[in-house]
Amino acid sequence: MDRRVRVRFAPSPTGPLHIGGVRTALYNYLFARKHGGDFLLRIEDTDQTRFVPGAEEYIIEALKWAGIEPVEGIGFGDGPHAPYRQSERKPMYKQYAMQLIEAGHAYYAFDTAEDLEGMRERLKASNVDAKYDAITRSTMKNSLTLSEDEVGKRLENGDPYVVRFKLPRKEEVKFHDEIRGWVSFNTAQLDDKVLYKSDGMPTYHLANVVDDYLMHISHVIRGEEWLPSAPLHILLYRAFGWEDVMPKFAHLPLLLKPDGNGKLSKRDGDRLGFPVFPLNWLDPNSGEKSSGYREAGYLPEAVVNLLAMLGWNPGNNQELFTIEELTEAFSLERVSKSGAKFDQNKAKWYNQQYVRKLDNKALAPILTTALINEGLASHFTAEYVEAVCGLVKEKMSFTNEIWDISKYFFQDPSAYDLGVIEKRWNEKIPALLHEIKSEIETVEEYNAAAIEGVYNQALNNHGIAGKDFLQLFRVCLTGIAGGPPLFEIANLIGKAAMRRRIEHALQEFSK
RNA sequence: GGCCCGUUCGUCUAUCGGUUAGGACACCAGAUUUUCAUUCUGGGAAGAGGGGUUCGACUCCCCUACGGGCUACCA
């Protein structure tokens with residue numbers, strides 16, 4: 001059955017989008033583009049009690065940041081199947097629930113929370129699986145046990161009810177998962193899930209099946225946590241008579257926490273010091289803050305790349321991929337079945353790769369922002385800032401480190417690495433520094449090579465080995481023991497800064 | 001507990017019955033770098049256990065163990 005590939009990412013706006021959700025969105029996006037299909041965003045907000053203000057906007061912003069943009073859906077221009085927010089589709093679900101009841105695939109249930117609780121306790125006491133199923137439903141208050149009159153009366157009275165799916169007693173439900181192969185369940189193990197809630201909203205199960213049908217979804221690519229409810233969904237397609245257009249299913253392995261086991265959760269990020277969310281998030285209810293990849297100095301291209309490789313591989317040794325290359329290489333067959341632990345080291349390495357490749361002009365605005373914060377922006381030209389970026393980007397892993405490792409390009413050091421001073425400073429140093437300082441004044445053309453020439457000459461004159469002095473000289477000029485090539489730094493900061501800094505170091509350390 | 005899914009170096013993974021089990025990150029060592037880092041070279045490091053099937057199993061089947069997911073009028 002060949003039909004247009006249409007996939008969807010369907011998060012619920014109950015908080016910030018988890019990084020695992022970003023990966024799910026990415027795989028959907030790659031799959032759609034690979035097959036020339038459509039990727040859409042649908043907001044699953046059928047649980048009004050869990051609605052969190054700002055969460056939807058967060059999801060949209062996160063996808064935009066990562067460059068995983070849907071062609072249809074909330075925040076992306078809608079499309080032919082609007083609305084894409086389930087709460088706005090509310091009126092259309094009821095008829096589908098009724099259709100199922102009429103066809104005998106579903107029924108009204110009037111049980112109260114206490115009724116359900118009582119049933120569960122009874123069953124538990126007799127050591128039986130406590131579930132609303134083909135057996136227990138005959139003991140509950142529903143349209144299968146109540147008389148037609150009674151049901152009619154209750155509905156007329158406006159008594160609260162839900163609609164439950166009438167699961168076949170014992171039936172093997174088998175389906176082919178695009179990632180896992182054949183998977184089967186027996187309905188005897190499942191329960192009569194609520195499809196339509198007493199507040200007039202559908203549950204996820206009904207809504208996702210109805211919407212996927214109406215939106216012509218061809219493949220459902222979602223997390224493994226949905227695998228157990230897949231048979232219900234398949235039974236729903238059958239009950240509706242939609243089996244011929246039922247989407248194919250692909251259940252993705254989960255992202256696991258780096259230490260120990262279990263699903264990567266919000267708390268792990270705080271505990272281990274890496275983000276589990278794409279963007280910073282401030283919870284409007286609890287006031288709790290969660291950090292995001294963007295603010296932690298990750299580049300979106302790096303996040304996309306590392307996420308792609310967490311659960312998928314190209315089958316060769318390539319590690320670095322642009323999103324275009326990923327699109328080209330991606331296939332569901334190469335998605336692995338087992339969960340992947342998040343590896344912070346690898347994440348850092350990926351980001352490093354992308355930071356280094358970043359154009360100086362692209363990096364400059366980040367540094368400029370820092371300069372503005374420091375009140376220094378007006379003192380330096382764009383060319384200067386870019387040149388600094390060019391020198392320091394080899395040294396950084398995350399873009400938010402840029403000010404810390406480059407501040408000496410913009411201000412004289414206010415503190416020095418004293419370990420290096422103590423180790424390398426001796427009575428011969430002051431004279432050497434004096435000579436370098438005065439010789440530099442005489443060079444005709446001030447550049448890295450000239451500075452190096454002066455430096456080497458002076459070392460020679462004083463009989464000091466470069467090995468013993470270079471790092472000390474670096475600390476005198478920049479305050480810190482590491483960094484880009486020293487003579488490049490000296491060249492950039494200029495003659496006047498050199499003079500000032502050498503003088504200041506002499507003042508500080510020669511007593 | 002029940003059901004389902006999974007299990008190759010510390011981590012992400014390649015291998016779709018025959019390989020000295022390959023790569024990447026991390027780690028260690030050496031080289032280069034007049035400093036730190038980079039870079040380069042090298043190194044240690046894996047098929048959960050037990051049964052089958054087969055001339056031959058990491059690969060196929062079964063059992064066990066372990067891990068994970070689900071088990072709501074949440075998604």
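Residues numbered from 1 in each chain as written. Chains lettered and ligands numbered in written order. Predicted model: local features only at pLDDT ≥ 70, side-chain atom pairs only at ≥ 80, totals over all residues. Heavy atoms only, no water.

**Comments concerning the nonpolar core**
Grouped together as the largest cluster of nonpolar side chains are 161 residues, with contacts concentrated most on Phe409, Phe410, Ile436, Phe469, Phe473 and Met498. Ranked by residues supplied to this core, first place goes to helix H1 (residues 19-34) with nine residues. Beyond its immediate sequence surroundings of up to four residues, Met498 is in contact with Ile440, Tyr446, Ile451, Phe473, Leu477, Ala490 and Ile493. Judged by nonpolar contacts, the second largest core, of eight residues, contains Tyr107, Leu116, Met119 and Val162. (Core = buried A, V, L, I, M, F, W, Y, C linked by side-chain atoms within 4.5 Å. Buried < 20%, exposed > 50% of the residue type's maximum accessible area, 1.4 Å probe, protein only. Helix = DSSP H or I, 4+ residues; strand = E, 2+ residues; numbered from the N terminus. Contact = heavy atoms within 4.5 Å.)

**Some details on the protein's contact with RNA strand B**
Near RNA strand B you find 60 residues, and of these Ser12, Arg180, Lys395, Gln471 and Arg474 are the closest. In RNA strand B, the atoms that sit within 4 Å of the protein are 72% sugar and phosphate, with bases accounting for the remainder. At a separation of 3.1 Å, a base nitrogen of RNA strand B approaches a polar side-chain atom of Asp129. In this structure, a phosphate oxygen belonging to RNA strand B sits 3.5 Å away from a side-chain N or O atom of Trp349. Taken together, the residues that form the surface near RNA strand B break down as 18 nonpolar, 19 polar and 23 charged. (Near = heavy atom within 4 Å. Polar contact = N/O pair within 3.5 Å; in protein donor to acceptor, adjacent residues only side chain to side chain. Nonpolar A, V, L, I, M, F, W, Y, C, P; charged D, E, K, R; others polar.)

**Considerations on the packing of helix H18 (residues 466-478) against helix H19 (residues 486-493)**
Relative to each other, H18 and H19 sit at 30 degrees, their axes nearing to 11 Å. Judged by the inter-axis angle, H18 sits roughly parallel to H19. Handedness of the H18/H19 crossing: left-handed. Between H18, through Leu470, Phe473, Arg474, Leu477 and Thr478, and H19, the contact on the second element is made entirely by Leu486, Phe487 and Ile489. When its residues are assigned to classes, the contact of H18 with H19 shows six nonpolar, one polar and one charged. (Axes fitted to C-alpha atoms, helices over the stretch in contact; angles between N-to-C directions. Parallel < 35°, antiparallel > 145°, perpendicular 65-115°, else oblique. Left-handed = near helix turned anticlockwise from the far one by under 90°.)

**Looking at the pattern of salt bridges**
A side chain of one charge can pair with a side chain of the opposite charge when the charged atoms of the two come close. Across all of its chains, the model carries 32 salt bridges by this definition. Here Arg6 ties to Asp38 by a salt bridge, and the two come within 2.9 Å at their closest N and O atoms. In this pair, Arg6 sits in strand S1 (residues 6-9) while Asp38 sits in strand S2 (residues 38-41), placing the two residues 32 residues apart along the sequence. Here the two residues Arg6 and Asp38 agree in accessibility, since each one is buried. Put simply, Glu61 and Arg294 hold a salt bridge, and the shortest N to O gap is 2.9 Å. Placement of the pair is Glu61 in helix H2 (residues 55-66) and Arg294 in the loop between strand S13 (289-290) and helix H9 (300-308), with a sequence separation of 233 residues. For Glu61, a relative accessible area of 39% puts it in the partly exposed group. (Salt bridge = Lys/Arg side-chain N within 4 Å of Asp/Glu carboxyl O.)

**Here we look at helix H13 (residues 382-392)**
Inspection of H13 places Tyr384, Val385, Glu386, Val388, Cys389, Leu391 and Val392 among the buried residues, and these make up the whole buried set. For H13, the elements touching its buried residues are helix H12 (360-374), helix H14 (402-406) and H19.

**Observations regarding the domain arrangement of chain A**
For chain A, the assigned domains are domain 1 (1-74 + 253-356), domain 2 (90-196), domain 3 (358-407) and domain 4 (418-509). One C-alpha centre belongs to domain 3, the other to domain 4, and the line joining them spans 24 Å. Counting from both sides, the interface comprises six residues of domain 3 and, opposite them, six residues of domain 4. When domain 3 packs against domain 4, close to 550 Å² is buried across both sides, 79% of that on carbon and sulfur atoms. (Domains from an automatic or database assignment. Buried area = accessible area lost by both parts, 1.4 Å probe.)

**Some words on helix H7 (residues 230-240)**
Within H7, ten of the eleven residues are buried, which leaves the element mostly enclosed by the surrounding structure. Of the residues making up H7, those classed as buried are Ala230, Pro231, Leu232, His233, Ile234, Leu235, Leu236, Tyr237, Ala239 and Phe240. Once H7 finishes, Gly241 follows within two positions and takes phi at roughly 80 degrees, a positive value.

**Brief notes about the pairing of strand S6 (residues 172-177)**
Here is the key point about a regular strand: its side chains alternate between the two faces of the sheet. The side-chain alternation of S6 yields one buried face, formed by Val173, Phe175 and Asp177, and one unburied face, formed by Glu172, Lys174 and His176. Between S6 and strand S7 (residues 181-186), which pair antiparallel in sequence order, lie three residues. (Pairing = 2+ DSSP bridges.)

**Here we look at the sheet that holds strand S5 (residues 162-165)**
Strand order in the open sheet formed by three strands is S4-S5-S8, with antiparallel pairing between adjacent strands. This sheet does not close on itself; its edge strands, each paired only once, are strand S4 (106-109) and strand S8 (194-196). Pairwise comparison of adjacent strand axes, ignoring direction, gives a mean angle of 45 degrees for this sheet. Inspection of the sheet shows S5 paired to S8 by two bridges, in the antiparallel sense. Paired with Val163 across the two strands is Tyr196, which belongs to S8. Most of the contacts of helix H3 (residues 90-102) go to S4, to which it runs at about 110 degrees, and overall it touches S4, S5 and S8.

**With respect to the environment of Arg271**
On the secondary structure map, Arg271 appears in helix H8 (residues 266-272). Given a relative accessible area of 47%, Arg271 falls into the partly exposed group. When neighbours within four sequence positions are excluded, Arg271 is seen to be in contact with Lys257 and Asp259.

**A word on the packing of aromatic side chains**
All chains considered together, the criterion is met by 32 aromatic pairs. Where Tyr27 meets Phe330, the ring centres are 5.2 Å apart and the plane angle is 50 degrees; that geometry is what we call tilted. Here Tyr27 is found in helix H1, whereas its partner Phe330 is found in the loop between helix H10 (323-329) and strand S14 (340-341), with 303 residues between them in sequence. Residue classification places Tyr27 among the buried positions, given a relative accessible area of 0%. Phe330 sits in the buried class, given a relative accessible area of 1%. Ring plane angle 20 degrees and centroid distance 5.2 Å describe the contact between Phe380 and Tyr384, whose orientation is recorded as stacked. When its relative accessible area of 22% is taken as the criterion, Phe380 is described as partly exposed. Using a relative accessible area of 13% as the deciding quantity, one classes Tyr384 as buried. An aromatic cluster is defined as three or more aromatic residues linked by ring pairs; in this entry it consists of Tyr96, Tyr213, Tyr237, Phe240 and Trp242. (Phe/Tyr/Trp six-rings, centres within 6.5 Å; stacked < 30°, edge-to-face > 60°.)

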